[in-house]
Amino acid sequence: MADETAKGTTAFLFEMGVMKQAKRTGWWFTGNNNPESIAEHSFRVGIIGAVLAMMEDVDPAKVALMCLFHDTQETRIGDIPHIGRRYIEAAPNVDVTADQVKRAHPAVRAGVQRVVEEYEANDSPEAVVAKDADKLECLVQAVEYRAQGNTLVQDWIDTSLASLKTASARELAEAALTMSPLEWRNKYLG
């Protein structure tokens, strides 16, 4: 029989599965009835984070790990759209994370909390890159939704672009704004 620490860790893993079902609600304001899930967003944020880290010469594994955990709190508090934050005061992400992992293996608890704390503090080069990855993913997703006929995404593009801090993220954003989301199929296949 599994001990309570193993069960606590496994419970955290089951909870993370909720991210596969929970939708990114901000896109509803653009008329998108079936936006990406939090898990889909977080996966690409991790890829973008690793790529940006390589371009910015910081630790790509550390950045990807921050990106992977950056929205895990949304299993408990939901994806509160930017406009909703004016009216709702959610618990800080570090507090939500502490609750999520409080019964997990001590190394898991310490490791996950450390990653989220660094991301939220935004005081390391890796955290800055991870935050840029989150914003760049939003911009790229908006470009894809626009190409699918959703014309109400410009505000998401503008605010994402304005928040980028690194030269690499700004460079990739500018490239994303000048190409079709399917251009890779025609131009960059070998």
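Undergrad: Give a detailed account of the overall build of the chain, specifying residues and quantitative values.
TA: Secondary structure assignment for the chain yields 10 helices and zero strands. Over its C-alpha trace the chain gives a radius of gyration of 17 Å, about what one expects of a compact globule, namely 16 Å for 190 residues. Its C-alpha atoms give the chain principal-axis dimensions of roughly 55 × 35 × 35 Å. With 190 residues in all, the chain has 42% of them scored as buried.

Undergrad: Quick rundown of helix α6 (residues 106-121)? Include the residues and the values.
TA: Spanning 16 residues, α6 covers 22 Å between terminal C-alpha atoms, matching the ideal 22 Å at 1.5 Å per step. Within α6, the full set of buried residues consists of Gly111, Val112, Gln113, Val115, Val116, Glu118 and Tyr119. In this fold, the buried residues of α6 make contact with α1 (4-16), α3 (60-69), α5 (93-101) and α7 (125-147). Phi turns positive one or two residues past the end of α6, at Asn122, with a value near 55 degrees.

Undergrad: Go over a nonpolar patch on the surface, please, and point to the residues and values.
TA: Together, Phe29, Ile83, Tyr87 and Ile88 give the surface a local cluster of nonpolar side chains, amounting to about 470 Å² of exposed area. By the secondary structure assignment, Tyr87 is in the loop between α4 (74-77) and α5. According to the relative accessible area criterion, Tyr87 is exposed, its value standing at 64%.

Undergrad: A description of α5 should follow, citing residues and the corresponding values.
TA: Every buried residue of α5 is listed here: Val96, Thr97, Gln100 and Val101. Down the axis of α5, the smallest arc covering the buried residues is 120 degrees, so these residues share one side. Tucked into the core, α5 has its buried residues touching α1, α4 and α6.

Undergrad: How would you explain the environment of Gly46 if you had to name every residue and give the values?
TA: Tracing the sequence through the fold places Gly46 in helix α2 (residues 38-56). Given a relative accessible area of 12%, Gly46 falls into the buried group. Distance from Gly46 to Phe69, taken between C-alpha atoms, is 9.1 Å for residues 23 residues apart in sequence. Setting aside its immediate chain neighbours within four residues, Gly46 contacts Ala64 and Cys67.

Undergrad: Please give an account of unusual backbone geometry that cites residues and values.
TA: Its identity as a non-glycine residue notwithstanding, Asp57 has a phi of 60 degrees, on the positive side. With respect to the element layout, Asp57 can be found in the loop between α2 and α3. Assessed through its relative accessible area of 71%, Asp57 is described here as exposed. The phi angle at Asn122 is positive, at roughly 55 degrees, despite the residue not being glycine. Locating Asn122 in the fold gives a position in the loop between α6 and α7.

Criteria and cut-off values
- Residues numbered from 1 in each chain as written.
- Predicted model: local features only at pLDDT ≥ 70, side-chain atom pairs only at ≥ 80, totals over all residues.
- Heavy atoms only, no water.
- Helix = DSSP H or I, 4+ residues; strand = E, 2+ residues; numbered from the N terminus.
- Rg over C-alpha atoms; globule rule 2.2 N^0.38 Å.
- Buried < 20%, exposed > 50% of the residue type's maximum accessible area, 1.4 Å probe, protein only.
- Expected span 1.5 Å × (residues − 1).
- Contact = heavy atoms within 4.5 Å.
- Patch = residues over 30% accessible without salt bridge, like charges linked within 9 Å, V, L, I, M, F, W, Y side chains within 5 Å.
- Areas by Shrake-Rupley, 256 points an atom, 1.4 Å probe, with all protein chains shown as cover.
- Salt bridge = Lys/Arg side-chain N within 4 Å of Asp/Glu carboxyl O.
- Arc of directions from axis to C-beta.

As far as function goes, none of this settles anything; it's purely spatial.
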